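Listed below, chain by chain, are the residues.
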Amino acid sequence: MAPVGEAAALVLVAVLWGSTGPFLRTGAAGLEEVRCRGRLQQLLAEIRFLGLNYKYVVPFLLNQGGSLLFYLTLASADLSLAVPLCNSLALIVTLVTGRILGEDIGGKRSVAGMLLTVLGVTLCVAGS
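A brief report on the enclosed structure follows. (Residues numbered from 1 in each chain as written. Predicted model: local features only at pLDDT ≥ 70, side-chain atom pairs only at ≥ 80, totals over all residues. Heavy atoms only, no water.)

Time to look at the overall build of the protein. Secondary structure assignment for the protein yields 5 helices and 0 strands. In sequence order, the protein lays out its α and β elements as α-α-α-α-α. By the compact-globule yardstick of 14 Å for 128 residues, the protein is too spread out, its C-alpha radius of gyration being 18 Å. By principal-axis analysis of the C-alpha atoms, the protein measures approximately 55 × 40 × 20 Å. Partitioning the intrachain contacts of the protein with sequence separation of at least 6 by distance along the chain shows that 74% fall at a separation of at least 24. For the protein, the accessible surface area stands at approximately 8300 Å², while carbon and sulfur atoms represent 69% of it. One way to put it: in the protein the 9 positive side-chain charges average out to a point 9 Å from where the 7 negative ones average out. (Helix = DSSP H or I, 4+ residues; strand = E, 2+ residues; numbered from the N terminus. Rg over C-alpha atoms; globule rule 2.2 N^0.38 Å. Contact = heavy atoms within 4.5 Å. Areas by Shrake-Rupley, 256 points an atom, 1.4 Å probe, with all protein chains shown as cover. Lys, Arg positive; Asp, Glu negative; His and termini not counted. Charge placed at Lys NZ, Arg CZ, Asp CG, Glu CD.)

Okay, here's the thing in structure tokens:
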């Protein structure tokens, strides 16, 4: 069985990664309308647009905090547990957060997929 602290840290990573994705999409809205001449000027204008947009920066920093926590947790966590747990739960959290924000996440198949993912993660955690 995985230590409770490691499992909690990995679940927190999944929540940070999963919940920030829909907010990053929302915060980046309008990026396609940024226009400049030249590739370098376009790149710099897009970086400025995102960097000055708190609706993008805050979720980005939370997402990076999740990445830092994941990196620190990998020092003691079982890799065969950490990666599937974080990635699969992040997917579920992304779908739930997107749904809360009004995004279309699909129908009954999405719900069935989430339930199967939870079952798989439960088996993975119980088996390690």
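Okay, back to it.
Any two side chains of opposite charge can pair if their charged atoms end up close together. Going through the model one piece at a time under the given rule, you end up with 1 salt bridge. In this structure, R25 engages E103 in a salt bridge whose closest nitrogen and oxygen atoms are separated by 3.0 Å. Taken as a pair, R25 in helix α1 (residues 4-27) and E103 in the loop between α4 (79-100) and α5 (108-127) lie far apart in primary sequence, 78 residues in all. Residue classification places R25 among the partly exposed residues on the basis of a relative accessible area of 46%. (Salt bridge = Lys/Arg side-chain N within 4 Å of Asp/Glu carboxyl O. Buried < 20%, exposed > 50% of the residue type's maximum accessible area, 1.4 Å probe, protein only.)

Just distances and angles here, no functional claims.
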